[in-house]
Amino acid sequence: MPTSLPALDGPIAAQHTKSIVVDLPFGIRGGLPVIGDGFSPETMVLPTADGHPLADALISRIPASTLTGIERRPFYAALLHAQGGHIQTTAAELAQARANARQMNIGWVLVWRRDPALLRVLG
């Protein structure tokens, strides 16, 4: 697997704001519990090329308080709820999620698998 995709990494690497890059589908893997959808393996190597923080996780353990903090962020909560289309997010929740994404400096969202419910969160 390549460790970079220049057409994708180039614009991200050129931006020096240290904004967060979120990969969709979004999830946290490793330890228990496992939340969110599985993510593309490319998401684990692209940050080495673009230098931006990654909002995906493949970790051996995650403290419950960290997981709770992630789930309390309106943006991440909306992504988790939208995945699989099981929970309908209200217009107010979507607005709150988008405002939270700006507040956290989410600068890029890489869509690896198109999902209408996830795309709705992005607006």
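Structure shown above.
These lines cover the structure that appears in this document, whether it is placed above or below. (Residues numbered from 1 in each chain as written. Predicted model: local features only at pLDDT ≥ 70, side-chain atom pairs only at ≥ 80, totals over all residues. Heavy atoms only, no water.)

**Description of the overall build of the chain**
Note the following rule: Each helix is a run of H or I in the DSSP string that is no shorter than four residues. Each strand is a run of E no shorter than two, and both are numbered from the N terminus. The classification of residues rests on relative accessible area computed with a 1.4 Å probe and restricted to protein chains. Under 20% of the type maximum is buried, over 50% is exposed, and intermediate values are partly exposed. Two residues qualify as a contact provided that any one of their heavy atoms is within 4.5 Å of a heavy atom in the partner residue.
When you go through the chain residue by residue, the secondary structure sums to six helices and five strands. Counted from the first residue to the last, the chain has its helices and strands arranged as α-β-β-β-α-β-α-α-α-β-α. Counting over 123 residues, the chain shows a buried share of 37%. For the chain, contacts bridging at least 24 residues in sequence account for 76% of all contacts bridging at least 6.

**Remarks on the packing of helix H4 (residues 74–82) against helix H5 (residues 91–103)**
Stated formally: Helix axes use the C-alpha atoms of the stretch in contact, all axes being lines fitted to C-alpha atoms, and the angles between their N-to-C directions lie in the range 0 to 180 degrees. Our angle categories are set so that under 35 degrees counts as roughly parallel, over 145 as roughly antiparallel, 65 to 115 as roughly perpendicular, and the remainder as oblique. For this scheme, ten residues count as nonpolar: Ala, Val, Leu, Ile, Met, Phe, Trp, Tyr, Cys and Pro. Four count as charged, namely Asp, Glu, Lys and Arg, and the remainder, Gly too, count as polar.
Here H4 crosses H5 at 125 degrees, and the two axes come no closer than 7 Å. By the angle class used here, H4 and H5 are oblique. Counted together, Pro74, Phe75 and Ala78 of H4 and Gln96, Ala97, Asn100 and Ala101 of H5 form the full contact between these two elements. Looking at the contact of H4 with H5 residue by residue, the class counts come to five nonpolar, two polar and no charged.

**Remarks on the environment of arginine 73**
The topology assignment puts arginine 73 in the loop between helix H3 (64–72) and H4. Taking the relative accessible area as the measure of exposure, arginine 73 reaches 35% and is therefore partly exposed. Here the alpha-carbon distance between arginine 73 and alanine 101, two residues 28 residues apart in the chain, equals 8.8 Å. Setting aside residues no more than four positions away along its own chain, arginine 73 makes contact with Asn100, Gln103 and Met104.

**Let's talk about the pairing of strand E1 (residues 20–24)**
Stated formally: What makes two strands pair is DSSP finding at least two bridges between them.
A large share of E1 lies buried, amounting to five of its five residues. Side chains of E1 alternate between two faces, with Ile20, Val22 and Leu24 and Val21 and Asp23 buried alike. Note: E1 against strand E5 (residues 106–111), five bridges, orientation parallel. By the bridge assignment, isoleucine 20 is partnered in E5 with isoleucine 106.

**Some words on the nonpolar core**
Here is the rule: Within this scheme, the nonpolar core is defined by two criteria: the residues are buried Ala, Val, Leu, Ile, Met, Phe, Trp, Tyr or Cys, and they are joined through side-chain atoms within 4.5 Å.
Counting residues in hydrophobic clusters, the biggest one holds 21 residues, and the most contacted among them are Val22, Phe26, Phe75, Tyr76, Leu79, Ile106 and Val121. Looking at this core, the elements with two or more residues in it are E1, H3, H4, H5 and helix H6 (116–122). The element best represented in this core is H4, accounting for six residues. In this structure phenylalanine 75 touches Val22, Ala97, Asn100, Ala101, Met104, Ile106, Val121 and Leu122, once residues within four positions along its chain are discounted.

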